[in-house]
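Coordinate inspection notes
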Amino acid sequence: GLVVFNVAHNKHQRTAHTKLEPSITDVKVNGISLFNMDELAEQRAFAASHHLKLSHQQNSVTLYFSNFDFSNTDNTIYQYYMEGIDKDWRPITSLNYAEYSEIQPGHYTFHVRTSRGGQWIDAAPLSITVMQPWYNSWWAWLIYMMIAIPIAIYLYRQWKNNWELKQKIEMEEQMNDFRINFFTNITHEFRTPLAVIQNAVNRISNSSSPATAKAALQTATRGSNRLLRLVNQL
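Residues numbered from 1 in each chain as written. Predicted model: local features only at pLDDT ≥ 70, side-chain atom pairs only at ≥ 80, totals over all residues. Heavy atoms only, no water.

The next point concerns the pairing of strand β4 (residues 51–54). Across the two faces of β4 the burial differs, with Leu52 and Leu54 buried and His51 and Lys53 not buried at all. Relative to strand β10 (residues 126–130), β4 runs parallel, the two being bridged by four bridges. Residue Leu54 lies in a different strand from β10, and its bridge partner there is Val130. (Buried < 20%, exposed > 50% of the residue type's maximum accessible area, 1.4 Å probe, protein only. Helix = DSSP H or I, 4+ residues; strand = E, 2+ residues; numbered from the N terminus. Pairing = 2+ DSSP bridges.)

Following this line, the structure appears as structure tokens:
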């Protein structure tokens with residue numbers, strides 16, 4: 001709830017009456033006047049200094065102000081701006097209040113002034129602090145980090161294990177392709193000398209000429225030697 005609210009004390013207000021210096025006369029938080037709130041401590045704080053501290057849910061504020069020149073209200077003009085929300089003074093107005101809604105957590109300073117004799121007279125600034133919600137506090141982020149870090153480590157390890165498994169599967173597939181190609185080539189290499197040997201044997205079997213048989217036998221010998229080299233290489 002509302003923790004502390006401070007604006008001009010009574011002495012300052014009496015001085016404002018004589019100098020026609022504007023003062024903040026009331027504050028409504030979420031549509032409820034500070035003086036209608038239950039706790040008297042908040043009213044005492046209202047009359048003590050210049051600081052309003054709100055929770056993140058109390059983000060709608062209406063500020064009322066006056067220069068106490070009740071005999072010249074038709075000619076009374078004001079300007080105001082809120083540091084942290086407005087970039088510059090708002091346009092001149094005869095209305096004696098300013099509304100701000102959906103104020104984000106942070107620190108702000110409200111300024112108001114009134115014109116007298118062509119000169120601007122400033123009121124004491126009001127500091128407003130809207131607190132961060134509990135889920136955006138430092139200790140909440142610490143808890144988030146304590147939860148997120150183990151989850152991140154677990155997910156990283158899972159990703160790493162999956163990546164290593166994928167690499168292993170790809171390597172195994174490459175090895176399988178290599179084996180298939182290797183044995184295909186080996187089979188082709190063995191088939192050639194075996195065909196030569198078989199052909200030479202057939203020629204020996206079917207030949208009655210010693211010269212033909214001798215040539216076929218030499219061919220078979222060369223084929224067997226080649227086959228032996230292949231086996232040794234394997």
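Right, picking up where we left off after that structure.
Taken as a whole and judged by the stated rule, the model has 14 aromatic pairs. Seen from their ring centres, Tyr64 and Tyr97 are 5.7 Å apart, and the 40° between their planes marks the pair as tilted. Within this pair, whereas Tyr64 is found in strand β5 (residues 61–66), its partner Tyr97 is found in strand β7 (residues 97–100), the two being separated by 33 residues in sequence. Where Trp134 meets Trp139, the ring centres are 6.4 Å apart and the plane angle is 20°; that geometry is what we call stacked. (Phe/Tyr/Trp six-rings, centres within 6.5 Å; stacked < 30°, edge-to-face > 60°.)

An ideal rise of 1.5 Å per residue puts 102 Å on 69 residues; helix α3 (residues 138–206) measures up with 100 Å between its terminal C-alpha atoms. Taken together, the buried positions of α3 are occupied by Ala140, Ile186, Phe190, Pro193, Ile197 and Ala200. Considering only its buried residues, α3 is in contact with α4 (210–233). (Expected span 1.5 Å × (residues − 1). Contact = heavy atoms within 4.5 Å.)

This paragraph deals with the environment of Pro22. As for its position among the elements, Pro22 is in the loop between α1 (10–19) and β2 (23–29). Classification of Pro22 by relative accessible area gives buried; the value is 0%. Along the primary structure Pro22 and Asp69 are separated by 47 residues, whereas in three dimensions their C-alpha atoms are 9.4 Å apart. Once you skip the residues sitting within four places of it in the chain, Pro22 turns out to touch Ser66, Asn67, Val112, Arg113, Thr114, Ile121, Asp122 and Ala123.

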